Structure formats: C-alpha cells, structure tokens
Amino acid sequence: MSLNAIQVKPVSEEEEDGPSAQPDPNTSFPNLLHYRSGSGSTTPRSRQSSPGNSPRLGPTRFANSDTCDSQYTPLFWGFDKELKMQRRTKRKVGRAWYSRKRVKFVVGVIGLLVLFFLMNWVMLLRLQDHGLHSESGFSGNSSVASVSVAIREKWRKLGKEKKAQKGNYGRMLDLAAHALAEGLNKPEPKDLWLEPFVPASSWKPCADQRSWEPNEGKNGYILVTANGGMNQQRVAVCNAVAVARLLNSTLVVPKFLYSSIWRDVSQFGDIYQEEHFINYLTPDIRIVKELPKELQSLDLEAIGSVVTDADIPKEAKPSFYLKNIVPVLLKNGVVHFLGFGHRLAFDPIPFQLQRLRCRCNFYALQFVPKIQEVGALLLQRLRQNEGHPGPLDRYLVGSYAKRIKKDKSHSKKASRYLALHLRFEIDMVAHSLCEFGGGEGERKELEAYREIHFPALTVLKKTTMLPTPAELREEGLCPLTPEEAVLMLAALGFNRKTHIFVAGSQIYGGRSRMNALTSLYPKLVTKENLLTPTELEPFMNFSSQLAALDFIGCTAADAFSMTDSGSQLSSLVSGYRIYYGGGRMPTIRPNKRRLASIFMKNSTIEWRVFEQRIRKAVRQTKHVQPRPKARSMYRYPRCDECMCNMTITT
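Report on the accompanying structure. (Residues numbered from 1 in each chain as written. Predicted model: local features only at pLDDT ≥ 70, side-chain atom pairs only at ≥ 80, totals over all residues. Heavy atoms only, no water.)

Things to note about the state of the cysteines
Joining two cysteines, a disulfide is a covalent bond between their sulfur atoms.
Part 1 of the argument: Summed over the entire model, instances satisfying the criterion amount to three disulfides.
Part 2 of the argument: Two residues share a disulfide in this structure: Cys358 and Cys642, whose sulfurs sit 1.6 Å from each other. Taken together, the positions of Cys358 in helix α13 (residues 351-364) and Cys642 in the loop between α29 (607-619) and β13 (643-645) put the pair 284 residues apart, joining distant regions of the chain. Neither Cys358 nor Cys642 differs from the other in exposure class; each is buried. (Disulfide = S-S within 2.5 Å. Helix = DSSP H or I, 4+ residues; strand = E, 2+ residues; numbered from the N terminus. Buried < 20%, exposed > 50% of the residue type's maximum accessible area, 1.4 Å probe, protein only.)

Brief notes about the nonpolar core
Part 1 of the argument: With 94 residues, the main nonpolar core has Leu251, Phe277, Tyr321 and Phe337 as its most contacted residues.
Part 2 of the argument: Every residue in contact with Leu251, bar those within four places of it in the chain, is listed here: Ile222, Val224, Ala240, Val241, Ala244, Phe277, Ile285, Arg286, Ile287 and Val288.
Part 3 of the argument: Residues Ala485, Leu492, Leu595 and Ala617 belong to the second largest nonpolar core, which totals 54 residues. (Core = buried A, V, L, I, M, F, W, Y, C linked by side-chain atoms within 4.5 Å. Contact = heavy atoms within 4.5 Å.)

Re the sheet that holds strand β8 (residues 417-421)
Part 1 of the argument: Overall, parallel pairing links the five strands, which are arranged β10-β9-β8-β11-β12 in an open sheet. Strands with a single pairing partner mark the edges of an open sheet, and in this sheet they are β10 (524-525) and β12 (587-588).
Part 2 of the argument: In the sheet, β8 pairs with strand β11 (residues 559-562) via four bridges, with the strands oriented parallel. When the sheet's bridge partners are listed, Leu418 is paired in β11 with Ala559.
Part 3 of the argument: On top of the sheet, helix α27 (residues 568-581) reaches β8, β9 (499-503), β11 and β12; it is set at about 155 degrees to β11, its chief contact. (Pairing = 2+ DSSP bridges. Axes fitted to C-alpha atoms, helices over the stretch in contact; angles between N-to-C directions.)

Considerations on the pattern of salt bridges
Part 1 of the argument: What the rule picks out here adds up to 25 salt bridges.
Part 2 of the argument: Measuring nitrogen to oxygen at the nearest pair gives 2.9 Å for the salt bridge that ties Glu216 to Lys218.
Part 3 of the argument: Among the residues examined, Glu216 registers a relative accessible area of 52% and is labelled exposed.
Part 4 of the argument: Residue Glu535 is joined to Arg381 by a salt bridge in which the shortest nitrogen-to-oxygen separation is 2.8 Å. With Glu535 in helix α25 (residues 533-536) and Arg381 in helix α14 (residues 369-382), the pair connects residues that are 154 residues apart, well separated along the chain. (Salt bridge = Lys/Arg side-chain N within 4 Å of Asp/Glu carboxyl O.)

A closer look at the pairing of strand β2 (residues 221-226)
Part 1 of the argument: Most of β2 is tucked away: six of the six residues are buried.
Part 2 of the argument: Along β2, one buried face is formed by Tyr221, Leu223 and Thr225 and the opposite face, lined by Ile222, Val224 and Ala226, is buried too.
Part 3 of the argument: In terms of strand pairing, β2 meets strand β3 (residues 250-252) through two bridges, oriented parallel. Bridge pairing links Tyr221 to Thr250 in β3.
Part 4 of the argument: A crossover connection joins β2 to the parallel β3 through helix α8 (residues 230-246); in handedness this β-α-β unit is right-handed.
Part 5 of the argument: Inspection of the sheet shows β2 paired to strand β7 (residues 334-340) by six bridges, in the parallel sense. Along β7, the bridge assignment pairs Ala226 with Phe340. (Right-handed = clockwise from strand over helix to strand, strands pointing away.)

What about the packing of helix α10 (residues 274-281) against α13?
Part 1 of the argument: In contact at an axis separation of 11 Å, α10 and α13 are set at 145 degrees when each is read in the N-to-C sense. α13 is crossed by α10, and the crossing has right-handed handedness. Counted together, His276, Phe277, Tyr280 and Leu281 of α10 and Leu356, Arg359, Cys360, Tyr363 and Ala364 of α13 form the full contact between these two elements.
Part 2 of the argument: A class-by-class count of the residues in the contact of α10 with α13 yields seven nonpolar, one polar and one charged. (Left-handed = near helix turned anticlockwise from the far one by under 90°. Nonpolar A, V, L, I, M, F, W, Y, C, P; charged D, E, K, R; others polar.)

Right, dumping it as structure tokens:
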C-alpha cells in the first residue's frame, strides 16, 4: 500500500479544540493505528481514545512483528514530525494569547489605579470646598473613607513642608488619622470624660476652717519679691504667707521680679485683688501694702537684710527660718526675700500652717475684675454660648459667672471641651537638654538660648558629663512634643470632633510644629482665636495676665490634659480642679517614662496595641489617692490639712 493511498479521517466540528482546531494527540494516534493496515478494526473507538491507553512515542512490542507492514515506520515518522510541528504551532498561539491577556491585565490595573487616585482627588477638592475644618464637613453623606483619605493626604503635604518637625512619628500619625476618620460615629470610651467619682467625691474642701487666733506680726516686716511667671509667683506668695505666720511677722503685699524670660512688669495688684487678699487673711496674719516710712530709707543689702534663694535651701524646713531668719528680723526689723520661690518644704509642717497655705491658694488669691470679665467671656465662647456656668466658674470669675447664666439668647446644648496644656515653649525645651527632631539647626538655636537665659546650665553642660538626650527621653525627662501629645489624645479615644483649648500659643517651632494637632483635631482653639484683638489688647505684653486667662480656661474645662507633670501651671490647675471639682473634673497626667517606652516602638507597633498601652498607662494616673509625703499640696490637695475625707468607715 502506497503512502499516497492512505488518508487521515478529518476531525469533525464536535472534536475541534479551540480556535485553531488542532487535533488532540490522544485521539489522533489511535485513528492512525486504525488505518495503518487499510482495513477496519473491531476495537471500540472509546477504548482507543482513552488517555490511559495512549500509545508510546517510541518502539513498541509490535515493532518486530512479522505481521507489521514494512511501510508503517516511515509513515509514523512523518506523522510524528507533523505532530511536533502542530504542537509547536499551538504553543506559539498560546504564548501570543497569554501575552495579549497579560498586556490587557496590566493596562486594566493601571486604569484602576488612575481612576482610584482621580476619585480621591475629586473627593478631596469637594471636602475642601465644603470646609474640612468645619463641623458640617463630617455630617451628611460624607463617607468615612473619603475623610480618611483627605486627612492622610493633608498630613502628607504638611509633612513635605516640615519633614524635620515630623520626627519619627510619621507612620503613627497616619495611623491616628485613619483611626480618627473611622471613629467619627463610634462612641468614646466611657471613662474618657470621667473621674473615679465615688472615691473622688468623698473629699470636700475645708481649708477655710480656722482654729487659731490672729497673728499680730510683732517681730518685724517681711518683704517678698517673687520670681518666675504667674504660677511660680502664686506658689511664692502662698509660701510667704506661711513664713510670715511662722515668724510672727507682718507681711508687705508681695512684689514680682521682672524676668528676662517672661518680660512682664505686672505687679500683684495687676493680677490679684489686693483688698480681698488682705481682708481674707486678716484672721491669720497681718498684711500691709508698704513698709513704714522709717524703714523705707534703709539700705537693706548693706545691713544684711536681703536674703536670696542662694541663701535658703530649696524646700527648707521651718527650723531653718526660726534659726537663721528670726535673728536678722529682730535685729533690723525687716527682711527682704529676693527671688523667693520653692523655699518652704511640704513636710514636716505644722497642721494649721499647712492649712494656711491651702487657704491662701484656694481662697485668698482672686483675679482682678478685668481678668475675670474676659475670662468669663472666654468660657462662654469655649462652651459655645452655653446658658449655664460650670461648677468652678464662680471660684474663677466671681460675679461674672452670673452673666454667663443670663446670656441665653443663643443658648444651646452644652459643648464639652478638653483643655490641653502643651508645655513646649522655648524656655522649657532649652532647659530640658532634650532633642526634638530639628537636627543641627535646633541644637545651635537652643544652645544659644541657654547661654543667654540659663548660663549656669551652659557651664554645667561643659564641665559635667550629663545624660544624653536619648537617655533623658527614656527616663521620661523630656516634655511631650505636639506630635506625641496628639498621638496620646487619639489613642485615648478623643474623636475628631472634640473641642480642644490649648493653653499658651508660644509653641517652640511655631505654627508648623502645631500641624499635627490642627490637622487631626480641627476644632482646636486658643485664647487668641476666641477673643478679638480689642478684647485682648489690655493684656498684650503682660505674659502673667495672659497666663491667668489660660489658667481660667484650663481649670474650668470638662477634662484637662497636661503634657509635662513638672509644669507649675499644670500642677496648680489640676489641684484647683481636685479641690473644687467634687469628683467630676478628670485630669490626664501622663507618665512620661512609660509613654517614652511606648513611643520608642512607633516604627513597628500596631495602632490597636498602641491604644491599649496608652490607655493603660494613663488610666493608672487617674487613681484617687491622698497626697504622697513631701509632694506639693497645691497639686495634691487631698490631705487632711486642705480637704476633709467624708467617707464613713464601719
């Protein structure tokens, strides 16, 4: 039988495989074997087509059979060659189809990415048009996803402008922005705005109770010139009152020393009501406004009556004054304490003498009417024209609290606000010896400031091996940066709509350093935002009087957060809130050492874990406890000398 006489049966339409209709080898080989002898086969077609019975592509056990047609071998080789060509053609077609499909897939992915970024850009423009920083920007049909994208996009733009100020917290700030956007409609933690009420409310104010006779002040006169800002001066005045009673002397109304840092010429009568101060403390000590004329002409320094802070140990005990000051007082009739500050210990102090210090701080020192009036206006705007005063208003702004209550023309539901004392002024930053992400420029700037304002610290730094900035931070000795403060607030659960009042606006680094706070919490204000230039004008260039307005805004807040536990304003504010708050005025006191250990893991820690650790660290500082031994009673007034514990034990 000739090669031309053999014809392969064409593949039917039902057996076509794909667009090219190439024959399947599992069916082609049996067909070929069926036709090789030129006669029909009785073998069922289905069996021949089975993949398990497919013929091998090499010599078979039938290759040497006598019945084998001698012309089969060249036929098989020819078809094998044709089959290989068909397979090669099929692979080429497959590769071409796969390449076209891959190109389509890549183009599709690129198209989706372009569409995604285009949608984000459009949504960002729409949010900006409607005012991202307004309350209405987070209501209606605005999606959480679009808000999150807008917040993160804005933060990235700000980060490009001030990358150095962002420090190492870029990742965490992005996570915080996303968490705040997702939490717009989520409830805040239950204890966020609360103090442990039952144990806290059992302490009641009672420092106004007296159980001694007035002091006639026969041993001479005491002059006091207090240094520092308003808060340091307030502590100095209270200590001076206690020392005057201790030494049985007459106190001249204290004066305030001009500071090259604060640059404020305000005197006692510019901040506090002199008449109220004198009259309220008359049952305790004798107070006059100035020295008798016969003593005014004395050269106090020449006669040895000037006593500076260098002459008195810090937190000196009463025995020091009785031993060293009384002889000078009896000899010259007057002693001038120059730069008087923390020069009286908290323990051990006689019970009534300690109570006198509390009485001075919480009752005798009342702000002058012009500060009270503007302070009341500040509180009214912080609460958005709330029709009722807060629980501490009458102690802070006096009779002006009634005006808040009468003004009901725009009264609506009370707006809670959080007060944040961001202790990040240049004096605090420079004195801490820490670094805050500003690089070599920051180091040079702070060193130059120290040389002018803290020369002793500059000398100490050059002559003594001090801890490194990293070691100081690990020990919790660095003030929280604005970035760290906003991460703490976000982790605690304060949502994006929270009204925040920031005390003090002279933040080191200026507006750029505040970007983290203002971006994540758009309802952030200062007294400069809430009061008009005309209302602020009487206080300009008087830092102590401006500090008094911050004191009022922080003390009356629904919740107060400090960033540096060593700050005098934070200490006085938290103590005032404890004394008059009735267990309803929570204060957030971060443990900076514990926070430092958490912040150090910011490059790897998950936001959920970060939240848990921050909340645990802060929750522990809310525990109600009596004043620890030797700690400030201005900050911890829960002690028998200042407050009475009404808990009935059985």
